[in-house]
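Residue-level structure breakdown
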Amino acid sequence: MLGNTSFDDTAGGDGSNRRALILVENLSVPFDRRVWQECTTLRDAGWTVHVICPQGEKRDTEPEAEIDGVRIHRYPLRAATGGPAGYLREYGSALWHTARLARKVGPVDVVHACNPPDLLFLPALWLKRRGARFVFDQHDLVPELYLSRFDRGEDLLYRAVCALERRTYRAADIVLATNESYRDVAMRRGGRRPEDVFVVRSAPAIERFQPVPPEPELKRGKPHLLCYLGVMGPQDGVDYALRALAKLRDELGRTDWHAVFVGAGDAFDAMVELSRQLGLSEQVQFTGRIPDAELVRYLSTADVCLSPDPRNPLNDVSTMNKVLEYMAMGRPIVSFDLKEARVSAGDAAVYAPANDEAEFAKLITLLLDDPEKRAEMGKIGQERISGPLSWRNSQASLLAAYTAACGTPGSAGKAARTRKRPGR
């Protein structure tokens, strides 16, 4: 069990507070920004919120923490290596720890499971049998993620992840989708009724993305700064961006730029090596993950931001956090032409034909040569983030989803707390 620290669960005096348990396997909390925004929204609406998630490597390392009234229970988890066997070890360990900590948390009104992977329906079902309602928060379409990341086709493992997704949809009382494309999948592939699927779009935390005066020294002596922010995995397109930058230099003759790539991931080392092979080491800087204050300095100085996610089964229908964060900072974007990229960015981005690195490079040149267009695009992006794409709208949808899940708020958890639990 975790240490000797215990939480006081008597907040509210009479024990009548509604209780939510959020399950996360992919990232630690509060590092997972979407989950943290959901936690604080529920807290502000009167919920007592618990989270079970992995410990981070450099942050979120404490086994237990209470942050701004949210109670977080973390477990050690080693990321998968070595193919399918590594994922079995990772997921098996995560499920064991999640079940262990869920027993520690006790009865809840709502269990809110965030994928990937589509395995957290198992502890959710255990909690459903004890009176909880199950909200499935679909961060990724795992079958599309499998096809896009591993390039193995619709093999046995693909069919297995499809089956797990179906089981998760079937077990859930309510589904949260990050955009309309995901909502369509939940209804079409998951067989869910429209009234049971709520769009809760991810949105940047505005307080985290406040522009500061640009710092020309970050451009390393060049007139322009290009910036990439985000995860660097096999499906994230950093290799496309690097090849586009090589074309920008070699085919378009542009050397008046410095580029910075902020973030980390499975492909980080491979991308540093690809940059070296392309002869870009002097013009391309990899920072790894950096503190928010440093990130804001780079984004405030950037002339153009890059969203090089290639079209594949996952990316075409997914909302990219980097795009929303660029928009919050008022930066113009070059993107490949993806369905949900257009939904998010609209005229805050220019779009190259999917996966066309040469056209991507030409659009960078177009924006570098047109400061007025860059300023106009940046303003459009900020207006979209403060308006139709704001977290305020997502908050309303999240709370509506919880109301739909619970029916009579608090009734499920209260019933569970009156029932004797096996093994206790």
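Further up the page is the structure itself.
Predicted model only: the values in this text are computed from it and were never measured.

Read across the sheet, eight strands follow the order 3-4-2-1-5-6-7-8 without closing on themselves; strand pairing throughout is mixed. Looking at which strands have only one partner, the edges of the open sheet turn out to be strand 3 (64-67) and strand 8 (197-199). In this sheet, neighbouring strand axes are inclined to one another by 20° on average, regardless of whether the strands run parallel or antiparallel. Sheet analysis places strand 2 (residues 48-54) next to strand 4 (residues 70-75), joined by five bridges and oriented parallel. If you follow Ile52 over to strand 4, its bridge partner there is His73. Sitting on the sheet, helix 3 (residues 121-128) touches strand 1 (19-24), strand 5 (110-114) and strand 6 (133-138), and the angle it makes with strand 6 is about 160°.

Moving on, we come to the side chain of Asp155. With respect to the helices and strands, Asp155 occurs in the loop between helix 4 (142-150) and helix 5 (156-171). In terms of polar contacts, Asp155 uses its side chain to reach the side chain of Tyr146, at 2.9 Å.

As a further point, take helix 5. For helix 5, with 16 residues, the first-to-last C-alpha span of 23 Å sits near the 22 Å given by 1.5 Å per residue. Buried within helix 5 we find Tyr158, Val161, Cys162, Glu165, Thr168, Tyr169 and Ala171. Those residues of helix 5 hidden inside the fold are in contact with helix 3, strand 6, helix 4, strand 7 (174-177) and helix 6 (180-188). Its side-chain oxygen at 3.3 Å from the backbone nitrogen of Leu157, Asp155 defines the N-terminal cap of helix 5.

A separate point is the sheet that holds strand 12 (residues 304-307). Across the sheet, six strands lie side by side as 11-10-9-12-13-14; this open sheet has parallel pairing. One side of each edge strand has no neighbouring strand; the edge strands of this open sheet are strand 11 (284-288) and strand 14 (349-352). Adjacent strand axes in the sheet meet at a mean angle of 25° when their direction is disregarded. Bridge count between strand 13 (residues 333-336) and strand 14: four bridges; the pairing is parallel. Across the sheet, residue Phe336 finds its bridge partner in strand 14, namely Ala352.

Further remarks concern the nonpolar core. Counting residues in hydrophobic clusters, the biggest one holds 63 residues, and the most contacted among them are Leu226, Leu245 and Phe261. With eight residues, the single largest contributor to this core is helix 7 (residues 238-250). Contact partners of Leu245, with chain neighbours within four places excluded, come to Leu226, Trp257, Ala259, Phe261, Leu280, Val284 and Ile364. Formed by 32 residues, the second largest nonpolar core is a distinct cluster that contains Leu101, Leu127, Leu145 and Tyr182.

Our focus in this paragraph is the packing of aromatic side chains. All chains considered together, the criterion is met by eleven aromatic pairs. Here Tyr146 and Phe150 contribute two aromatic rings whose centre-to-centre distance is 5.5 Å and whose plane-to-plane angle is 50°, an arrangement assigned as tilted. Linking Tyr146 with Phe150, this pair stays in helix 4, spanning four residues, or about one helical turn. For Phe150, a relative accessible area of 35% translates into the label partly exposed. Three or more aromatic residues joined by ring pairs make a cluster, and in this case those are Tyr87, Tyr91, Tyr146, Phe150 and Tyr158. Against the face of Tyr240 rests Arg243, its NZ or CZ located 5.0 Å from the ring centre. If you follow Arg342 out to its NZ or CZ, it ends over the ring of Tyr351, 4.1 Å from the centre.

Rules and cut-offs
- Residues numbered from 1 in each chain as written.
- Predicted model: local features only at pLDDT ≥ 70, side-chain atom pairs only at ≥ 80, totals over all residues.
- Heavy atoms only, no water.
- Pairing = 2+ DSSP bridges.
- Helix = DSSP H or I, 4+ residues; strand = E, 2+ residues; numbered from the N terminus.
- Axes fitted to C-alpha atoms, helices over the stretch in contact; angles between N-to-C directions.
- Contact = heavy atoms within 4.5 Å.
- Polar contact = N/O pair within 3.5 Å; in protein donor to acceptor, adjacent residues only side chain to side chain.
- Expected span 1.5 Å × (residues − 1).
- Buried < 20%, exposed > 50% of the residue type's maximum accessible area, 1.4 Å probe, protein only.
- Core = buried A, V, L, I, M, F, W, Y, C linked by side-chain atoms within 4.5 Å.
- Phe/Tyr/Trp six-rings, centres within 6.5 Å; stacked < 30°, edge-to-face > 60°.
- Lys NZ or Arg CZ within 6 Å of the ring centre and 35° of its normal.

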